[in-house]
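Structure at a glance
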Amino acid sequence: ADGGRNLSLESVPMGLPMSDPSAWSTAMNNLGMAPMGMTGQPLLPDFDPALGMMTGIPPINPMMPGLGIVPPPIPPDMPAAKEIIHCKSCTLFPPNPHLPPPATRERPPGCKTVFVGGLPENGTEQIIMEVFEQCGEVIAIRKSKKNFCHIRFAEEFMVDKALYLSGYRIRLGSSTDKKDTGRLHVDFAQARDDLYEWECKQRMLAREERHRRRLEEERFRPPSPPPVVHYSDHECSIVAEKLKDDTKFLEAIQTLLTWIERGEVNRRTANNFYSMIQSANSHIRRLVNEKAAHEKEMEEAKEKFKLALSGILVQFEQIVAVYHSASKQKAWDHFTKAQRKNISVWCKQAEEIRNIHNDELMGIRREEEMEMSDEEIEDPAEMKETEESALVSQVEALKEENDSLRWQLDAYRNEVELLKQEQGKASRDEDTTKEQQMKLLQQALQGMQKHLLKVQEEYKKREAELEKVREDKLKIETLLENLKEQESGTSRVCACSQEKEGPVEKTSSSSPVKSEREVLLVGIISTFLHVHPFGASIEYICSYLQRLDSKICTAEVEVLMTRLQNTFRQELSGVGASLEKRWKFCGFDGLKMT
């Protein structure tokens with residue numbers, strides 16, 4: 001009687017029917033314990049006890065009080081059956097072990113409330129509390145007059161313990177009256193309080209996850225650039241030194257740009273800013289040299305790539321030659337059928353890859369030829385015009401520089417006058433410093449005057465050169481007009497002489513070769529047919545030429561060869577279906593005939 005109040009392993013061992021193994025494994029998983037089968041084997045071999053099915057529930061320790069309702073592993077030779085549970089005011093009798101387990105609805109999220117039906121009519125809240133407080137802490141009981149109630153537990157895992165009691169027959173005391181007996185049916189209940197607590201917990205977890213992601217993003221976010229310092233004479237000197245250093249030039253030029261955009265340039269700081277801008281301008285030559293060096297490296301890389309590609313093409317040609325020699329009858333008869341098939345497949349693949357690389361190499365060469373054609377020498381008149389435009393732009397630049405130097409001279413003169421006025425008002429202690437400033441300003445003025453004289457001399461020289469160029473242009477134009485008049489006069493004389501002499505028979509016919517490209521084709525075809533004394537078909541000749549240039553077509557080659565009858569001759573060989581047209585080289589015979 002003392003041990004009947006608490007369900008424990010020593011007092012009340014219980015069994016659970018295993019007709020539905022998935023329900024049993026789900027219940028054990030919700031308790032945070034490894035699901036065990038009837039034979040003691042785990043139902044889920046990869047189960048992790050640290051992971052629970054319900055979010056936020058800590059894993060359950062099997063040694064915690066109140067877990068005695070979980071049955072131990074039962075040997076296979078004994079039937080699985082629930083035991084009788086003795087309470088203070090009632091007794092619970094287990095259901096028939098051969099019956100299927102009672103059906104339950106789908107578990108709502110965060111469920112802590114159960115529905116208990118089949119209660120006896122004389123059952124009270126005290127009796128219900130006595131039975132179900134063994135499953136865990138009961139928060140509230142809502143009993144109805146129709147023999148059912150709702151019980152809300154403190155934790156979610158206690159609901160699984162309460163579901164274990166579903167199907168038990170309850171009897172109050174020792175009475176056999178119908179009002180004192182009933183069959184318990186325990187099922188999940190959907191309560192708004194449970195759903196609200198579960199949603200609050202999910203929102204809290206979502207907030208924690210967002211906070212964690214925000215921290216991760218802030219940790220990986222690059223730091224913001226440091227703020228630009230405000231302008232001062234000290235900072236100006238630092239930035240001027242940085243502008244002279246190639247490694248710190250980018251940082252210093254950003255600071256200079258920010259100062260200018262802020263409006264820090266005024267009459268007092270104009271000279272400092274001009275010196276910094278001049279320092280920035282001195283880096284242009286360095287950048288141009290760096291660009292030229294990179295272009296040189298790129299050209300060297302192109303040359304290396306072209307050489308490597310040509311070497312690869314040579315190796316491909318050798319491999320294809322090996323395949324072709326193996327395909328000849330002398331060696332082909334000794335291979336098996338499978339070996340012949342592999343050799344032919346390999347030969348096709350090698351030829352395709354070789355043609356692709358060959359096209360790529362030809363494309364590189366075409367690009368080089370296009371670049372060379374773009375860099376051809378221009379006409380002298382156009383060169384004169386470009387030189388004239390360059391001289392005009394230089395003269396305009398010198399004018400602008402001259403104006404800027406004059407403005408600087410005016411500024412220096414104003415500063416000298418201001419210093420002279422302040423010299424009489426200042427104290428005698430500052431006389432030495434003023435004299436030094438005056439000397440520095442005078443030296444600067446002298447240097448500026450010398451520079452101005454040099455600029456004026458260069459300006460005069462440029463003007464003289466511009467006049468010479470204009471005179472040369474006029475001379476060239478007069479020469480061109482004279483040449484055009486001479487050509488028109490000669491054409492008229494020729495026309496008159498032709499009219500007097502009458503029509504003269506044409507001794508020389510139009511040349512059958514119309515371009516340099518056709519001359520090259522004639523030479524290559526002659527060399528190819530000279531190597532083949534028995535002639536070759538037009539398809540064979542075109543396949544050889546298309547290796548050199550993929551744009552060559554069969555019709556173009558055949559038309560060219562038919563025009564040159566003294567160089568090439570077409571002959572027919574074979575009989576009937578094996579009739580074949582072959583072209584032969586007859587240039588030596590044609591030379592004797594002509």
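Residues numbered from 1 in each chain as written. Predicted model: local features only at pLDDT ≥ 70, side-chain atom pairs only at ≥ 80, totals over all residues. Heavy atoms only, no water.

Let's shift gears to the environment of Glu-435. Along the chain, Glu-435 turns up in helix H12 (residues 431-501). For the pair Glu-435 and Gln-423, spaced 12 residues apart in the sequence, the C-alpha separation amounts to 9.0 Å. (Helix = DSSP H or I, 4+ residues; strand = E, 2+ residues; numbered from the N terminus.)

Right, let's talk about the packing of helix H13 (residues 516-531) against helix H14 (residues 538-548) for a bit. Interhelical geometry of H13 versus H14 gives an angle of 125° and a closest axis separation of 11 Å. Considering the angle they form, H13 stands oblique to H14. Taken as a pair, H13 and H14 cross one another with a handedness that is right-handed. Side by side, H13 and H14 meet where Leu-521, Ile-524, Ile-525, Phe-528 and Leu-529 of the first sit next to Tyr-540, Ile-541, Tyr-544, Leu-545 and Leu-548 of the second. Looking at the contact of H13 with H14 residue by residue, the class counts come to 10 nonpolar, no polar and no charged. (Axes fitted to C-alpha atoms, helices over the stretch in contact; angles between N-to-C directions. Parallel < 35°, antiparallel > 145°, perpendicular 65-115°, else oblique. Left-handed = near helix turned anticlockwise from the far one by under 90°. Contact = heavy atoms within 4.5 Å. Nonpolar A, V, L, I, M, F, W, Y, C, P; charged D, E, K, R; others polar.)

In the numbering used here, UniProt assigns the "coiled-coil region" (unreviewed entry) feature to residues 277-304 and 381-486. Along residues 277-304 the backbone is 96% helical and 0% strand, and the end-to-end C-alpha distance reaches 41 Å. (UniProt positions renumbered as here; feature names shortened; annotations may be inferred.)

Chain-level pLDDT for the protein chain is 79 on average; 78% of the residues reach the 70-or-more range. Below pLDDT 50 for its whole length, residues 37-79 participates in 69 contacts with residues either more than four positions away or in separate chains. (pLDDT = per-residue confidence, 0-100.)

This brings us to the side chain of Asp-194. Within the fold, Asp-194 resides in helix H4 (residues 192-220). Look at Asp-194 and you get buried, because its relative accessible area is 3%. (Buried < 20%, exposed > 50% of the residue type's maximum accessible area, 1.4 Å probe, protein only.)

If you check helix H6 (residues 249-262), its first and last C-alpha atoms are 20 Å apart, about what 14 residues at 1.5 Å a residue would give, namely 20 Å. Within H6 the residues assigned to the buried category are Phe-249, Ala-252, Thr-255, Leu-256 and Trp-259. Down the axis of H6, the sector holding all buried residues measures 130°, keeping them to one side. Turned more than 90 degrees from where H6 packs its buried face, Leu-250 and Glu-261 sit exposed. Turning to H6, the residues buried within the fold contact helix H5 (233-244), helix H7 (270-281) and helix H8 (283-326). The positive-phi residue at the C-terminal boundary of H6 is Gly-263, with phi of around 90°. (Expected span 1.5 Å × (residues − 1). Arc of directions from axis to C-beta.)

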